[in-house]
Amino acid sequence: MKATLALPSDDKRWRMVNATMRRHGYSSSALIEALHTVQQAFGYLDETALQYVAKSLRVPLSRVYGVATFYNHFMMKPGGTHTCVVCLGTACYIKGSPQILETLEKRLAIRKGQTTPDGKLSLMVAHCVGMCWLAPVVMLDDDVQAEATPAQAATKIQEWVSK
Ligand code: FES
């Protein structure tokens, strides 16, 4: 069994999450169950939770994001049908992800962290999703857009919201 990481905060709900992972010996196979416990405890998954679970189970953050956005069951705050995550980590930032975010915010008429009024799409940001060599990275549910441009990301998003 691996050493336990410090909990993200004093919030007792993290103990529940940690207990689930400990029960599974901090094995990577506990990923879905750990995310499930986060969702039960907090009602949704946010970046802090995903990072904590990724580090505790020693699973790449990109995989945790992939699983979290693939299953409809998991809610990425604030819970649109689809989730778009724009990475604003250093590598992505340098390669233009702020421009991508700005374009998407304008196109969707929402700000980061918000969901379109029809509930179809939540626009989220992350601070490194673990795929820096593909920067700038935009994740559309479990689909990774590598070396994304504002125009590409906007086109893809438009396809989704018009479905
Ligand atoms: S900074 Fe974007 S994937 Fe690492």
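Note that the coordinates shown come from a computational prediction; the quantities given were computed from them, not determined experimentally. (Residues numbered from 1 in each chain as written. Predicted model: local features only at pLDDT ≥ 70, side-chain atom pairs only at ≥ 80, totals over all residues. Heavy atoms only, no water.)

Moving on: the overall build of the protein. Scanning the protein from terminus to terminus reveals seven helices and four strands. Reading the helices (α) and strands (β) of the protein from amino to carboxyl end gives α-α-α-α-β-α-α-β-β-β-α. Its C-alpha atoms put the protein at 45 × 35 × 25 Å along the principal axes. A burial count over the protein gives 46% of its 163 residues as buried. (Helix = DSSP H or I, 4+ residues; strand = E, 2+ residues; numbered from the N terminus. Buried < 20%, exposed > 50% of the residue type's maximum accessible area, 1.4 Å probe, protein only.)

Taken together, the side chains of Ile-32, Phe-70 and Tyr-71 define a hydrophobic patch exposed on the protein surface, amounting to about 290 Å² of accessible area. Among the secondary structure elements, Phe-70 is positioned in helix α4 (residues 61-70). (Patch = residues over 30% accessible without salt bridge, like charges linked within 9 Å, V, L, I, M, F, W, Y side chains within 5 Å. Areas by Shrake-Rupley, 256 points an atom, 1.4 Å probe, with all protein chains shown as cover. Salt bridge = Lys/Arg side-chain N within 4 Å of Asp/Glu carboxyl O.)

Okay, the domain arrangement of the protein next. Taken domain by domain, the protein holds domain 1 (13-70) and domain 2 (82-161). On a C-alpha basis, the centroid separation for the pair domain 1 and domain 2 is 23 Å. Contacts between domain 1 and domain 2 engage eight residues on the former and twelve residues on the latter. Where domain 1 abuts domain 2, roughly 730 Å² becomes buried across the two surfaces, and 60% of that area is made up of carbon and sulfur atoms. Where domain 1 meets domain 2, there are zero salt bridges. Taken together, the links from domain 1 to domain 2 amount to zero residue pairs in polar contact (both at pLDDT 80 or more). Ranked by the residues each element gives to the side of domain 1 that touches domain 2, the list is headed by α4, at six residues. (Domains from an automatic or database assignment. Contact = heavy atoms within 4.5 Å. Buried area = accessible area lost by both parts, 1.4 Å probe. Polar contact = N/O pair within 3.5 Å; in protein donor to acceptor, adjacent residues only side chain to side chain.)

Turning our eyes to something else, we now look at the packing of aromatic side chains. Applying the stated criterion across every chain yields a total of one aromatic pair. Ring plane angle 75 degrees and centroid distance 5.5 Å describe the contact between Trp-14 and Tyr-52, whose orientation is recorded as edge-to-face. Remark: Tyr-52 occurs in helix α3 (residues 47-57) and Trp-14 occurs in helix α1 (residues 13-23); sequence separation between them is 38 residues. Since its relative accessible area comes to 6%, Trp-14 is described here as buried. Tyr-52 gets classed as buried once you look at its relative accessible area, which sits at 5%. (Phe/Tyr/Trp six-rings, centres within 6.5 Å; stacked < 30°, edge-to-face > 60°.)

As a further point, take the packing of α1 against helix α2 (residues 31-42). Two elements in contact, α1 and α2, have axes whose closest approach is 9 Å; the angle formed by their N-to-C orientations is 160 degrees. Comparing the axis directions of α1 and α2 gives the class roughly antiparallel. In this structure, α1 meets α2 at a crossing whose hand is right-handed. Here Arg-13, Trp-14, Met-16, Val-17, Thr-20, Met-21 and Arg-23 of α1 lie close against α2, whose contacting residues are Glu-33, Ala-34, Thr-37, Val-38, Ala-41 and Phe-42. (Axes fitted to C-alpha atoms, helices over the stretch in contact; angles between N-to-C directions. Parallel < 35°, antiparallel > 145°, perpendicular 65-115°, else oblique. Left-handed = near helix turned anticlockwise from the far one by under 90°.)

All right, on to unusual backbone geometry then. Residue Pro-136 is bonded to the preceding Ala-135 through a cis peptide linkage, with omega at -5 degrees. Along the chain, Pro-136 turns up in the loop between β2 (121-126) and β3 (138-140).

This next bit is on helix α7 (residues 150-161). Think of an α-helix as 3.6 residues a turn; residues three or four steps apart then line up on the same face. Relative to the 16 Å expected for twelve residues at 1.5 Å per residue, α7 spans 16 Å between its end C-alpha atoms, a close match to the ideal helical length. On the buried face of α7, the contacting elements are β1 (82-87), α6 (97-108), β2, β3 and β4 (143-145). (Expected span 1.5 Å × (residues − 1).)

This part is about the pattern of salt bridges. This structure, assessed with the given rule, holds five salt bridges. Across the pair Asp-11 and Arg-13 runs a salt bridge whose closest N-O atoms are separated by 2.8 Å. On the basis of relative accessibility, which here comes to 33%, the residue Arg-13 falls in the partly exposed class. With a shortest N-O distance of 3.5 Å, Arg-111 and Glu-105 are connected by a salt bridge. On the basis of relative accessibility, which here comes to 53%, the residue Arg-111 falls in the exposed class. By relative accessible area, Glu-105 is classed as buried at 13%.

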